[in-house]
Amino acid sequence: MFAIPFFLTAALAGAQPVPDLGPETEPPSAEDFNPLPEDLPEEGGQVVVEEADPHEEQSRLDELYSDLAKAESPKAAEKIARKIQMMWLESGSDTVNVLMSQAGKAIQAEDTALALDFLDVVVTLKPSFAEGWNRRATVFYMRQDFAKSLVDIERTLALEPRHWGALSGLAIIQRRLGFDKEALETFKQALKINPSLENAFKAIKDLEKDAAGEAA
């Protein structure tokens, strides 16, 4: 199970809801996290009882993650990553699918309060759905409520430790709060899972350059 380091949550404890990030820090946005979900069909409204075989689904995911890690080109990696992201969105519930779609539209409209309303219901109805927690973490991040974002990132990674979007979100928060060494390791972990993450690659180069400058 993934655990957010105590020092990081402790650093946020006395700075709720918005830590002092300094005048140089750009305001956060959803663009820092993995892409928003595609619009899903707004139909049904009843929770689906029968779901796909979890063992078969996990086996398929394991295969895709393996293919992603050894992809021969960025284009190939992006194609595989997209398949994984689509599987992340498979909640097994018509109700949750509709709520996720509405939350995505609210995020795109920058109505974070409405997005939270939808996502609160998502994680209540389907606490085993990692992407619900990840989307709510994104919204908390947009609202600069990093402590709550970290809690939801931890829940996401407990359910899906290879969720590179959640790992990237954690690294971004670590970096914004000045924990550059920890951010570097988290970005590396995300890039190891998904080698097509250009933002993570750039962040690693910048952080390594900064570390080398400090050591000189």
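For the structure, see preceding data.
On a predicted model such as this, the values are computed, not experimentally measured, just so you know.

S.K.: Looking at this structure, I do not really get the overall build of the protein chain. What am I missing?
M.R.: Looking only at helices and strands, the protein chain features 10 helices and zero strands. Mapped in sequence order, the helices and strands of the protein chain form the string α-α-α-α-α-α-α-α-α-α. Counting only contacts in the protein chain whose residues sit at least 6 apart along the sequence, the fraction spanning at least 24 positions is 66%. In the structure as shown, the protein chain presents an accessible area of about 11,700 Å², 52% of it carried by carbon and sulfur atoms.

S.K.: Please clarify how the pattern of salt bridges should be interpreted in this entry.
M.R.: When their charged atoms lie close together, side chains carrying opposite charge are able to pair. Applying the stated criterion to the full structure yields 10 salt bridges. For Asp-152, the salt bridge identified is with Arg-136, shortest N-O distance 2.7 Å. Of this pair, Asp-152 sits in helix α7 (residues 146-159) while Arg-136 sits in helix α6 (residues 130-142), and the two are 16 residues apart along the sequence. Grouping residues by exposure puts Asp-152 and Arg-136 together as buried.

S.K.: Help me out: how do you make sense of helix α4 (residues 94-108) in this one?
M.R.: The α-helix advances 3.6 residues per turn, and as a result positions three or four apart in sequence lie on the same side. The first and last C-alpha atoms of α4 sit 21 Å apart over 15 residues, in line with the 21 Å expected at 1.5 Å per residue. Most of α4 is tucked away: 11 of the 15 residues are buried. Burial in α4 covers these residues: Thr-95, Val-96, Asn-97, Val-98, Leu-99, Met-100, Ser-101, Ala-103, Gly-104, Ala-106 and Ile-107. Where α4 is buried, its residues meet α5 (112-125) and α6.

S.K.: What should I look at first to understand the nonpolar core in this one?
M.R.: It is characteristic of soluble globular proteins that their nonpolar side chains tend to be buried jointly. In this structure, Tyr-65, Leu-68, Ile-84, Ile-153, Trp-164 and Phe-187 are the most contacted members of the largest nonpolar core, which totals 34 residues. Listed by contribution, the elements that provide at least two residues to this core are α2 (54-69), α3 (74-88), α6, α7, α8 (164-176), α9 (180-193) and α10 (198-215). The element contributing the most residues to this core is α8, with seven residues. Every residue in contact with Trp-164, bar those within four places of it in the chain, is listed here: Tyr-65, Leu-68, Ala-81, Ile-84, Gln-85, Trp-88, Ala-190, Ile-193, Asn-194 and Leu-197. Core analysis: the second largest hydrophobic core is formed by 16 residues, Val-96, Leu-99, Ala-103 and Met-142 among them.

Thresholds applied
- Residues numbered from 1 in each chain as written.
- Predicted model: local features only at pLDDT ≥ 70, side-chain atom pairs only at ≥ 80, totals over all residues.
- Heavy atoms only, no water.
- Helix = DSSP H or I, 4+ residues; strand = E, 2+ residues; numbered from the N terminus.
- Contact = heavy atoms within 4.5 Å.
- Areas by Shrake-Rupley, 256 points an atom, 1.4 Å probe, with all protein chains shown as cover.
- Salt bridge = Lys/Arg side-chain N within 4 Å of Asp/Glu carboxyl O.
- Buried < 20%, exposed > 50% of the residue type's maximum accessible area, 1.4 Å probe, protein only.
- Expected span 1.5 Å × (residues − 1).
- Core = buried A, V, L, I, M, F, W, Y, C linked by side-chain atoms within 4.5 Å.

Shape is all these values report; function is a separate question.
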